[in-house]
Amino acid sequence: MKPGYLVAYENNVLSQRIAMARKLAGPCLLCPRKCMVNRLGQETGFCNTGRQAQVAAWNLHFGEEAPLVGRGGSGTVFFAHCNLGCVFCQNHDISDNLSNHEELNSRELAEVYLSLQAGGAENINLVTPSHVVLQILESLNHAAGKGLRIPLVYNTSSYDRLATLELLDGIVDIYLADTKFFQAQPARKYAEAPDYPERAKKALLEMNRQVGSLVIEEGVARKGLMIRHLVMPEDIAGSDQWLQFFADHLPADTYINIMGQYHPCGRAASHPELLTGVPGSRIAQLRKKARDLGLERLDQPGGGIFRLLG
């Protein structure tokens, strides 16, 4: 199965999408924040990212879902900063919008992808990509021309604009989508994004429209939607409601990972209700509910390691 970005490169669609993304970058309308800063002119908004993408790390990751890991590992690229900014973020040292990390231009970013592929990666896994869609498209244009041939994973918080996701139609192979807050009040309190629930629900439907249910060949994901749901203390995430949404609006064979690894990170200490854990019995209850709702494709949890390349 030929990756979508490669087909788009060969058909000159990729260059067209780059031109469209540039129009959304200055003034910036790439994400729901709509900061309206001129990122092409090095102005920065909520995500503290200007013309070039900031990259915190890249590595072969063996702790992702099994269909992403395969035998060679997932070629994970951790973009610095975030357009959502949850106070409890488990990657807070990377996502903190007050910090600075290495800036890579599009050609340098393409070389990162190619190095991961050369190291045996099963895919290129773009972590927190929503604020750097322009830079990603530009880098793919270089990487496809230099031999990148493995699937592209868009690993997102789901705080995405439909107009930006539409630029990725036929380019992204696998959407790996978080689902965080089902209600506006906790989204406002913990991420300053009361519109998160509405945005995320629409984004999931668009992602599913583009790529459909997950296709696995020889144990490795090739195309499709994968959903992650992090269960939180005191049902802050609205887990039962999310499961009902999946059952009502997505195919029964949608790949879903009900995640039980929540632990307080980042600025969680300023919110006492975030300092407790989630019991295993709650995860088991949610997995049973998912099956009772007809959701038949649940991830089997496991651990993993990193093999650093950059």
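Everything here concerns the structure above.
Calculation criteria
Residues numbered from 1 in each chain as written. Predicted model: local features only at pLDDT ≥ 70, side-chain atom pairs only at ≥ 80, totals over all residues. Heavy atoms only, no water. Axes fitted to C-alpha atoms, helices over the stretch in contact; angles between N-to-C directions. Helix = DSSP H or I, 4+ residues; strand = E, 2+ residues; numbered from the N terminus. Left-handed = near helix turned anticlockwise from the far one by under 90°. Contact = heavy atoms within 4.5 Å. Nonpolar A, V, L, I, M, F, W, Y, C, P; charged D, E, K, R; others polar. Phe/Tyr/Trp six-rings, centres within 6.5 Å; stacked < 30°, edge-to-face > 60°. Buried < 20%, exposed > 50% of the residue type's maximum accessible area, 1.4 Å probe, protein only. Arc of directions from axis to C-beta. Expected span 1.5 Å × (residues − 1). Parallel < 35°, antiparallel > 145°, perpendicular 65-115°, else oblique. Pairing = 2+ DSSP bridges. Right-handed = clockwise from strand over helix to strand, strands pointing away. Core = buried A, V, L, I, M, F, W, Y, C linked by side-chain atoms within 4.5 Å. Salt bridge = Lys/Arg side-chain N within 4 Å of Asp/Glu carboxyl O.

Asks: Looking at this structure, how should I read the packing of helix H9 (residues 196–211) against helix H10 (residues 239–249)?
Replies: Each pair of packed helices can be described by the angle between their axes along with the distance between the axes. Close contact between H9 and H10 brings their axes to 11 Å; oriented N to C, the two are set at 35°. The element H9 and its partner H10 pack so that their crossing is right-handed. From H9, Tyr-196, Ala-200, Lys-201, Leu-204 and Leu-205 reach across to H10, where they touch Trp-242, Phe-245, Phe-246 and His-249. When its residues are assigned to classes, the contact of H9 with H10 shows seven nonpolar, one polar and one charged.

Asks: I would appreciate a short explanation of the packing of aromatic side chains in the present structure.
Replies: Each aromatic ring pair is characterised by the separation of its centres together with the angle its planes make. Scanning all chains against the criterion turns up 10 aromatic pairs. Seen from their ring centres, Tyr-159 and Tyr-196 are 6.1 Å apart, and the 35° between their planes marks the pair as tilted. Highlighted residues: Tyr-159 in the loop between strand E5 (152–156) and helix H7 (162–167) and Tyr-196 in helix H9, separated in sequence by 37 residues. According to the relative accessible area criterion, Tyr-159 is buried, its value standing at 2%. Note on Phe-181 and Tyr-196: the rings are 5.8 Å apart at their centroids and 85° apart in plane angle, and the pair reads as edge-to-face. Residue Phe-181 is located in the loop between strand E6 (174–179) and helix H8 (184–191), and its partner Tyr-196 is located in helix H9; the two are separated by 15 residues in the primary sequence. Exposure class is identical for Phe-181 and Tyr-196. Each is buried.

Asks: Help me understand H8 in this model?
Replies: When we look at burial in H8, the residues that qualify are Pro-186, Ala-187, Tyr-190 and Ala-191. In a view along the axis of H8, the buried residues occupy a sector of 105°, so they form one face of it. Buried-residue contacts for H8 involve H9. Positive phi appears at Glu-192, one or two residues downstream of H8, with a value of about 55°.

Asks: Help me out: how do you make sense of helix H2 (residues 13–25) in this one?
Replies: Each α-helix turn comprises 3.6 residues. Residues three or four places apart therefore point the same way. Between the first and last C-alpha of H2 there are 19 Å, a value that for 13 residues agrees with the 18 Å anticipated at 1.5 Å per step. Residues of H2 that are buried: Leu-14, Arg-17, Ile-18, Ala-21, Leu-24 and Ala-25. Seen from one end, H2 has its buried residues packed into an arc of 120°, which puts them on one side. Packing partners of the buried residues in H2 comprise helix H1 (4–10), helix H6 (133–145) and H7.

Asks: Sorry if this is basic, but what is going on with the packing of H2 against H6 here?
Replies: Interhelical geometry of H2 versus H6 gives an angle of 155° and a closest axis separation of 9 Å. For the element pair H2 / H6, the angle class is roughly antiparallel. You can see that H2 and H6 cross each other, and the crossing is left-handed. Judged by residue contacts, Leu-14, Arg-17, Ile-18, Ala-21, Arg-22 and Ala-25 of H2 engage Leu-134, Leu-137, Glu-138, Leu-140 and Asn-141 from H6. Looking at the contact of H2 with H6, its residues break down into seven nonpolar, one polar and three charged.

Asks: Is there a simple way to explain the pairing of E5 in this structure?
Replies: A regular strand places its side chains on the two faces of the sheet in alternate fashion. In terms of residue burial, E5 counts as a mostly covered element, since five of its five residues are buried. Here E5 shows two buried faces, one formed by Leu-152, Tyr-154 and Thr-156 and the other by Val-153 and Asn-155. Direction of pairing for strand E4 (residues 124–127) relative to E5: parallel, over a ladder of four bridges. Bridge assignment links Val-127 to a residue of E5, and that residue is Asn-155. Each parallel crossover has a hand, and for E4 linked through H6 to E5 it is right-handed. Note: E5 against E6, four bridges, orientation parallel. Within the sheet, the bridge partner assigned to Val-153 lies in E6 and is Ile-174. The parallel pair E5 and E6, bridged by H7, forms a crossover whose chirality is right-handed.

Asks: Honestly, the nonpolar core in this entry has me stumped. Any pointers?
Replies: It is characteristic of soluble globular proteins that their nonpolar side chains tend to be buried jointly. Ranked by size, the top nonpolar core spans 88 residues in total, and within it Val-77, Phe-79, Phe-88, Tyr-113 and Phe-246 carry the most contacts. The leading source of residues in this core is H6, at seven residues. Within the second largest apolar cluster, eight residues are counted, among which are Val-153, Ile-174, Ala-221 and Met-226.

Asks: Whenever I open this one, the pattern of salt bridges confuses me. Can you help?
Replies: Should their charged atoms come close, side chains of opposite charge can pair. Scanning all chains against the criterion turns up 17 salt bridges. Here Arg-222 and Glu-217 are joined by a salt bridge, their closest N and O atoms 3.9 Å apart. Arg-222 sits in the partly exposed class, given a relative accessible area of 22%. A relative accessible area of 33% means that Glu-217 is categorised as partly exposed.

Asks: What exactly am I supposed to notice about the environment of Leu-68 here?
Replies: The residue Leu-68 is located in helix H3 (residues 66–69) in this model. Distance from Leu-68 to Ile-216, taken between C-alpha atoms, is 9.5 Å for residues 148 residues apart in sequence.

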